[in-house]
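Listed here are the chains, written in short residue letters.
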Amino acid sequence: NPPSSFNCVAYAIAQAVKEHPKFRSTLLREEIVREHKHVNLGIAVAVPTGELTVAVVPAADALSFDEFVAASKANIAVARGGTDQATESTQLLLTYMGPYEIMDAVPVLVAPAAAVIFIGSPFEQGDKLMVNLVLTFDHRLVHGVEAAEFLKSIAKNVEGLA
């Protein structure tokens, strides 16, 4: 099975976290922040009942592309079986609506994660394949300019994979 566009974008996101440590942080209490060495990347997964659970790729930023794809596919399969893998150290969440042809949505942040990113369905613009990313983040951890810089890093990483 070749990597999907979701796998590529998710990997680009995990790699961008290396440059943006606030996105691998959690808020323990109102003014106590824990910055983790690596990001535990949560991926929202629909289960047959229509509810959502979370697959987690631990230390996603430390994995090679092939390791990331294998881990994400394996953990998504486990989550589809109903096993929620999210913990208090899942700092960044992804939600993807590609199969439903949804291009835009506003993701809801679930604490204690620092942020959640909605990845839209891929679409063609001119001769390029594009995807919309929508970022919701905890303003107690991340400021707007930092969020914009994070999105720029993700875009640069996605272009590097193309």
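Along each chain, residues carry numbers from 1 onward, in the same order as the chain's sequence is written. Restriction of local features to residues with pLDDT of at least 70 applies here, the model being predicted, together with a cutoff of 80 or more for giving and counting side-chain atom pairs; totals for whole chains, interfaces and linings are based on all residues. The side-chain figures draw on all heavy atoms in the structure; neither hydrogens nor water molecules are used.

Got a sec to walk through helix 3 (residues 144-161)? Specific residues and values, please.
Compared with the 26 Å implied by 1.5 Å per residue over 18 residues, the 26 Å span of helix 3 between its first and last C-alpha is a close match. Every buried residue of helix 3 is listed here: Ala147, Phe150, Ser153, Ile154 and Asn157. Taken end-on, helix 3 shows its buried residues confined to a sector of 115°, consistent with a single buried face. Across helix 3 from its buried face, at more than 90 degrees, point the exposed residues Val145, Lys152 and Glu159. Residue contacts are defined here by distance: any two heavy atoms, one from each residue, within 4.5 Å place the two residues in contact. Secondary structure elements are taken from DSSP: a helix is a run of H or I of four residues or more, a strand is a run of E of two residues or more, and numbering for both begins at the N terminus. Residues of helix 3 that are buried in the fold lie against helix 1 (5-16), strand 5 (92-96), strand 6 (115-119) and strand 9 (133-137). By this rule, a helix spans an expected 1.5 Å times one less than how many residues it contains. Each residue's exposure class comes from its accessible area (1.4 Å probe, protein chains only) as a fraction of the maximum for that residue type: buried when under 20%, exposed when over 50%, partly exposed otherwise. It is the directions from the helix axis to the C-beta atoms that the arc portrays.

With reference to specific residues and values, describe the packing of aromatic side chains.
Between rings of Phe, Tyr and Trp, where Trp is taken as its six-membered ring, a pair exists when centres lie within 6.5 Å; planes separated by under 30 degrees are stacked, by over 60 edge-to-face, and by other angles tilted. If you walk through the whole model with that rule in mind, you get four aromatic pairs. Both rings, one in phenylalanine 23 and one in phenylalanine 150, keep their centres 3.9 Å apart while their planes meet at 15°; by these two values the pair is stacked. Placement of phenylalanine 23 in the loop between helix 1 and strand 1 (25-29) and of phenylalanine 150 in helix 3 is noted, with a sequence separation of 127 residues between them. Classification of phenylalanine 23 by relative accessible area gives buried; the value is 1%. An aromatic cluster of at least three residues, connected via ring pairs, comprises Tyr11, Phe65 and Phe68.

I'd love a proper account of the pairing of strand 5, names of residues and values included.
Within a regular beta strand, the side chains point alternately toward one face of the sheet and then the other, so they alternate between its two faces. Within strand 5, four of the five residues are buried, which leaves it mostly tucked inside the rest of the structure. A pair of strands is labelled paired if DSSP reports no fewer than 2 bridges between them. Pairing geometry for strand 3 (residues 41-46) and strand 5, over three bridges, is parallel. In the sheet register, glycine 42 faces strand 5, and the bridge partner there is leucine 93. Here strand 5 pairs with strand 6 via five bridges, running parallel. Among the inter-strand pairings, leucine 93 is bridged to a residue of strand 6, identified as valine 116.

Give a detailed account of the pattern of salt bridges, specifying residues and quantitative values.
A pair can form between side chains of opposite charge whenever their charged atoms are brought close. Within this document, salt bridges are pairs made up of a side-chain nitrogen of Lys or Arg and a carboxyl oxygen of Asp or Glu, the two lying within 4 Å of each other. Under the criterion given, the structure shown has four salt bridges. Ionic pairing is found between glutamate 146 and lysine 22, a salt bridge with its closest N-O pair at 2.8 Å. One end of the pair, glutamate 146, is in helix 3; the other, lysine 22, is in the loop between helix 1 and strand 1, and 124 residues separate them in sequence.

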